[in-house]
Amino acid sequence: MEGIQIDRLSKNGGNKMAKFADIIGQEQLKEHLQNAISMNKVSHAYIINGERSSGKEFIAKVFAAALECEKQDVEPCGECHSCKQAQSGNQPDIIFVSHDKPNTIGVEDIRMQINNDIAIKPYSSPRKVYIMNEGEKMTVQAQNALLKTLEEPPEYAVILILTANVDSLLPTILSRCVVLNMKPVSDDKVKKYLMEELGIPDYKANICMAFARGNVGKAKMLATSEEFEKVKEEAITLVKYINDMELSEIVKAIKKISEYKFDVTDYLDILSVWYRDVLLFKATKDANSLIFRDEIQFIRKVADRSTYEGIEIIVKALQQAKRRLEANVNFDLTMELLLLTIQEN
C-alpha cells in the first residue's frame, strides 16, 4: 500500500481546477506558499516533506499552477490557457521528473531532466517549475549533480522536491532549499472529509481516521479499498480466536498475511488499535470511545480475561515487530513470535 501515491485530495471531485482552498489542513504551508506568490518572493527551490500519500504532489501541482497562472493571483484561476493546460497535465513549463528504476533516482535522471533542460527558457510562462516526487530516492551522486543547479539556478526556475524522508537529503541540498514540513491533519477534519466529500458512513470513517493518523490521503485510500476491509476482518478474526488456535493454525494465518499486497505495518496497526480499545475499555468500561465498538462483545471478553500488564506486553510486542520488520528481520519468524506473545498474554 505504501507504494501508492494519492495526490487527489481536493473537495472538488477533480472536475474543477484544484486550488489552495481545496487542500485539507496544512494551513501554515499554504500560507507560506501563497505569501511567496503575493509578495513575489518565490524561492528557487522547495522541499515538501511529509508521509507517503499525504498529498505532497497535490500541493505541488496547485503551487505550480498558481505560479504559471496568467492572472498572477495567489490561486490558479482555472480559466486561462495555462491553468487549463496544467489541469490536463500538459503545461509545457511544469515538468515532472521521472525515473526508470523503481527505488532510485540516479545522476542521469537529474542531468537529463533538470540540469540539461533548465538552461532553456520557459516555453510560454514566466517560470519553469520542476516537480520531483520521491526525492528521498536520489542517490548521493544525483544529489551532488542537482546541487550544482541549486547553487546557480536561472531566475525563472523553481524546483519542488517532494520527500517522505527529509533526512535522506544531503545538508548541502537542505541549506539551499526552503523546507516545508506537512503536519498531521486533525481527526475532525479527516472524518469530515471522509463523510461529507466521499460519503463514507460514520463507523467506517472512524476506523479509517484512526489508522490514518492525520494523513488524509491514507484515510481516503483505506476508505475506498476493498482489500483493507478484508485485511481488517482477517486481523480481527485472528485476535478474537487466537487463544484457541494451535501453532499450525497460527503458521497458516501468517502465510495468509504475507499474501496480501498491503504493507504489513498496516496489519500491525489494526492489531494495535484493537488492543488500544481493549485497554481503554478495561480502564473505563465505556464503549462509546472505542474504534471497534461494534466488536464490544469480544473486546469486553478479552478485557475481562487480560491483565493491564498482559495488554501492555502485547502493545510493546507489536511495536517491536514493526521495528524488526523495518530492519528486514525474517517476516515469518517476526510474526510467529508476535502471535505467540499475544496468545500467551
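Look a little higher up for the structure.
From a predicted model like this one, the values you see are computed outputs, not experimental measurements.

With that out of the way, let us pick up the overall build of the protein. Regarding its fold elements, the protein presents 15 helices and five strands. Counting only C-alpha atoms, the protein reaches 70 × 40 × 30 Å along its principal axes. When the 345 residues of the protein are sorted by exposure, 51% land in the buried category. For the protein, contacts bridging at least 24 residues in sequence account for 72% of all contacts bridging at least 6. As displayed, the protein has an accessible area near 17000 Å², and 49% of this comes from carbon and sulfur atoms. Computed over 45 positive and 51 negative side-chain charges, the inter-centroid distance for the protein is 2 Å.

Another point: the sheet that holds strand β1 (residues 45-49). The strand order across the open sheet formed by five strands is β2-β3-β4-β1-β5, and the pairing between neighbours is parallel. Each edge of the open sheet carries a strand with a single partner, namely β2 (94-97) and β5 (178-181). Within this sheet the neighbouring strands show an average axis-to-axis angle of 20°, counted without direction. In the sheet, β1 pairs with β5 via four bridges, with the strands oriented parallel. Directly across from Ile-48, in β5, lies its bridge partner Leu-180. Contacting β1, β3 (128-132) and β4 (157-163), helix α5 (residues 140-151) runs over the sheet at an angle of about 145° to β4.

Further remarks concern the pattern of salt bridges. Scanning the entire structure with this criterion turns up 18 salt bridges. Several salt bridges share partner residues, and in doing so they unite Glu-27, Lys-30 and Lys-189 into one network.

Before going further, it helps to spend a moment on the state of the cysteines. All chains considered together, the criterion is met by zero disulfides. In this structure Cys-83 is a free cysteine whose sulfur lies 3.6 Å from that of Cys-80, the closest cysteine sulfur available. Relative accessible area serves as the criterion here: at 0%, Cys-83 is assigned to the buried category.

What follows covers empty space enclosed by the protein. Left-over empty space is what a probe sized like a water molecule reveals as it rolls over the atoms. Within this structure, the stated rule accounts for three cavities of 30 Å³ or more. Taken as a whole, the second largest cavity spans an internal volume of roughly 50 Å³. Lining the second largest cavity we find Asn-243, Tyr-275, Val-302, Arg-305, Ser-306, Ile-314, Ile-342 and Asn-345.

This brings us to the packing of aromatic side chains. Counted under the stated rule, the structure contains five aromatic pairs. Considering the side-chain rings of Tyr-46 and Phe-63, the 5.4 Å spacing of their centres and the 85° angle between planes classify their relative orientation as edge-to-face. With Tyr-46 in strand β1 and Phe-63 in helix α2 (residues 56-68), this residue pair connects regions lying 17 residues apart in the sequence. The same class applies to Tyr-46 as to Phe-63, namely buried. Measuring from centroid to centroid gives 5.8 Å for Tyr-241 and Phe-298, while their planes differ by 75°, and the two rings are edge-to-face. Note that Tyr-241 is positioned in helix α10 (residues 226-241) and Phe-298 in helix α13 (residues 296-305), a separation of 57 residues in sequence.

A word on the packing of helix α7 (residues 187-198) against helix α9 (residues 216-223). The geometry of α7 relative to α9 is characterised by a closest axis approach of 10 Å and an angle of 45° between their N-to-C directions. Classified by the interaxial angle, the pair formed by α7 and α9 is oblique. Judged by the twist between their axes, the crossing of α7 over α9 is right-handed. Here Val-190, Tyr-193, Leu-194 and Leu-198 of α7 lie close against α9, whose contacting residues are Val-216, Ala-219, Lys-220 and Ala-223. The class makeup of the residues in the contact of α7 with α9 is seven nonpolar, no polar and one charged.

All right, on to α5 then. Relative to the 16 Å expected for twelve residues at 1.5 Å per residue, α5 spans 16 Å between its end C-alpha atoms, a close match to the ideal helical length. Those residues of α5 lying buried are Ala-142, Gln-143, Ala-145, Leu-146, Leu-147, Thr-149 and Leu-150. Elements in contact with the buried residues of α5: β1, α4 (107-115), β3, β4 and α6 (171-174).

For helix α1 (residues 27-38), with twelve residues, the first-to-last C-alpha span of 16 Å sits near the 16 Å given by 1.5 Å per residue. Residues of α1 that are buried include every one of Leu-29, Lys-30, Leu-33, Ala-36 and Ile-37, and no others. Down the axis of α1, the buried set is contained in an arc of 130°. They therefore lie on one face. Against the buried residues of α1 lie β1, α2 and β5. Just beyond α1, the residue with positive phi is Asn-40, at close to 55°.

About the cut-offs
- Residues numbered from 1 in each chain as written.
- Predicted model: local features only at pLDDT ≥ 70, side-chain atom pairs only at ≥ 80, totals over all residues.
- Heavy atoms only, no water.
- Helix = DSSP H or I, 4+ residues; strand = E, 2+ residues; numbered from the N terminus.
- Buried < 20%, exposed > 50% of the residue type's maximum accessible area, 1.4 Å probe, protein only.
- Contact = heavy atoms within 4.5 Å.
- Areas by Shrake-Rupley, 256 points an atom, 1.4 Å probe, with all protein chains shown as cover.
- Lys, Arg positive; Asp, Glu negative; His and termini not counted.
- Charge placed at Lys NZ, Arg CZ, Asp CG, Glu CD.
- Pairing = 2+ DSSP bridges.
- Axes fitted to C-alpha atoms, helices over the stretch in contact; angles between N-to-C directions.
- Salt bridge = Lys/Arg side-chain N within 4 Å of Asp/Glu carboxyl O.
- Disulfide = S-S within 2.5 Å.
- 1 Å grid on protein atoms, 1.4 Å probe; cavity = no way out; pocket = protein on both sides within 12 Å on 5 of 7 lines; lining within 4 Å.
- Points joined across faces, edges and corners; volume = space filled by probe spheres on them.
- Phe/Tyr/Trp six-rings, centres within 6.5 Å; stacked < 30°, edge-to-face > 60°.
- Parallel < 35°, antiparallel > 145°, perpendicular 65-115°, else oblique.
- Left-handed = near helix turned anticlockwise from the far one by under 90°.
- Nonpolar A, V, L, I, M, F, W, Y, C, P; charged D, E, K, R; others polar.
- Expected span 1.5 Å × (residues − 1).
- Arc of directions from axis to C-beta.

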